[in-house]
Amino acid sequence: MRQANLTYIQEAFIDGGSLICPSCKESNLHQFNVTVFERGEDDSYTTVIAQNKHEVYASKFKSEDTCNPSSRRNGLLLEFMCEHCHESNMTAGWSTERPFLLGISQHKGDTLMQWFK
Ligand SMILES: [Zn+2]
C-alpha cells in the first residue's frame, strides 16, 4: 500500500480517448496497481483497498494517515508507467522507477483527474 505523500504534477488530459503522459505528452501509458479509498464525507476513517500485482490488501486507517487524492471523500490512485519517460526501466520490469499516479477524486460534486508523483 502506498503511504508516501502525494506530490501534485498537473491535471490529467485525454486526447482521442487516450490518456496523455504528464511529462512527455505521449499516449503510451501502461497501467499497474490500483488503490481505492472509501471515505464518507469528512469521515475520520478511510477504508483502503490496495492491489499489488496479484495480492490485495484491505484495511481501515485514520483518514489523515492515507494518501487519498480526495481531501474529504472517495478517491482512486492508478499507477502508470510511460514507455518514453520510464524507458530505461522497461527491461528491468519497471520495478525501480516510481510510477506516475493518476488520482481520481470527488471534490464539491466534481470528479477530478490529476497526476501525482
Ligand atoms: Zn512520458
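See the structure printed just above.
Residues numbered from 1 in each chain as written. Predicted model: local features only at pLDDT ≥ 70, side-chain atom pairs only at ≥ 80, totals over all residues.

Draft legend 1. Spatial organisation of unusual backbone geometry. Of note, lysine 53 is a non-glycine position whose phi angle comes to about 55 degrees, a positive value. By the element assignment, lysine 53 lies in the loop between strand E5 (45-52) and strand E6 (55-62). For lysine 53, a count of 7 C-beta atoms within 10 Å puts it in the exposed group. (Helix = DSSP H or I, 4+ residues; strand = E, 2+ residues; numbered from the N terminus. Buried ≥ 20, exposed ≤ 12 C-beta atoms within 10 Å, placed from the backbone.)

Draft legend 2. A look at the sheet that holds strand E9 (residues 110-116). Across the sheet, seven strands lie side by side as E1-E9-E8-E7-E4-E5-E6; this open sheet has antiparallel pairing. In this open sheet, the two strands that pair with only one neighbour each are strand E1 (8-11) and E6. Averaged over neighbouring strand pairs, the angle between their axes works out to 25 degrees when direction is ignored. Where E1 meets E9, three bridges bridge the pair, whose relative direction is antiparallel. (Pairing = 2+ DSSP bridges. Axes fitted to C-alpha atoms, helices over the stretch in contact; angles between N-to-C directions.)

Draft legend 3. Representation of the nonpolar core. In this structure, Cys21, Leu29, Leu76, Leu77, Phe80, Met81, Cys82, Phe100, Leu101, Leu102 and Trp115 together form the largest nonpolar core, which totals 11 residues. Of all the secondary-structure elements, those providing two or more residues to this core are strand E7 (75-82) and strand E8 (100-107). In terms of residue count, E7 provides more of this core than any other element does, five residues in total. The contact partners of leucine 101, leaving out residues within four places of it in the chain, are Leu6, Leu77, Glu79, Trp115, Phe116 and Lys117. (Core = buried A, V, L, I, M, F, W, Y, C linked by C-beta atoms within 7 Å. Contact = placed C-beta atoms within 7 Å.)

Draft legend 4. Up close: the environment of cysteine 21. Take cysteine 21: it is sitting in the loop between strand E3 (18-19) and strand E4 (29-38). C-alpha of cysteine 21 to C-alpha of methionine 81: the two residues are 60 residues apart in sequence and 8.7 Å apart in space. If near-sequence neighbours (up to four positions away) are discounted, cysteine 21 is found in contact with Glu26, Leu29, Cys82, His84 and Cys85.

Draft legend 5. Representation of the environment of methionine 81. The topology assignment puts methionine 81 in strand E7. The class of methionine 81 is buried, set by 22 C-beta atoms lying within 10 Å. Residues methionine 81 and leucine 101 lie 20 residues apart in sequence; the distance between their C-alpha atoms is 8.8 Å.

Draft legend 6. Spotlight on the environment of glutamine 51. Tracing the backbone through its elements, the reader meets glutamine 51 in strand E5. Spatially, the C-alpha atoms of glutamine 51 and valine 34 are 5.5 Å apart, while their sequence positions differ by 17 residues. Setting aside chain neighbours within four positions, we find glutamine 51 in contact with Asn33, Val34 and Val56.

Draft legend 7. Region of the structure containing the pairing of E9. Bridge analysis of E8 against E9 gives seven bridges, and the strand direction is antiparallel. Residue leucine 101 lies in a different strand from E9, and its bridge partner there is phenylalanine 116. Following E8, the chain reverses through two residues before pairing antiparallel with E9; lysine 108 in that reversal takes a positive phi of roughly 50 degrees.

Draft legend 8. Structural detail: the pairing of E5. In this structure, E4 lies alongside E5, joined through four bridges in antiparallel fashion. Following the sheet pairing, threonine 35 is matched in E5 by alanine 50. Here E4 folds back onto E5, and the loop between the two strands holds six residues, one of which, aspartate 42, carries a positive phi near 60 degrees. Bridge count between E5 and E6: eight bridges; the pairing is antiparallel. The partner of alanine 50 across the bridge, within E6, is tyrosine 57. In textbook terms, the turn of a hairpin is the stretch between consecutive antiparallel strands, and for E5 and E6 this stretch comprises two residues, one of which, lysine 53, has a positive phi near 55 degrees.

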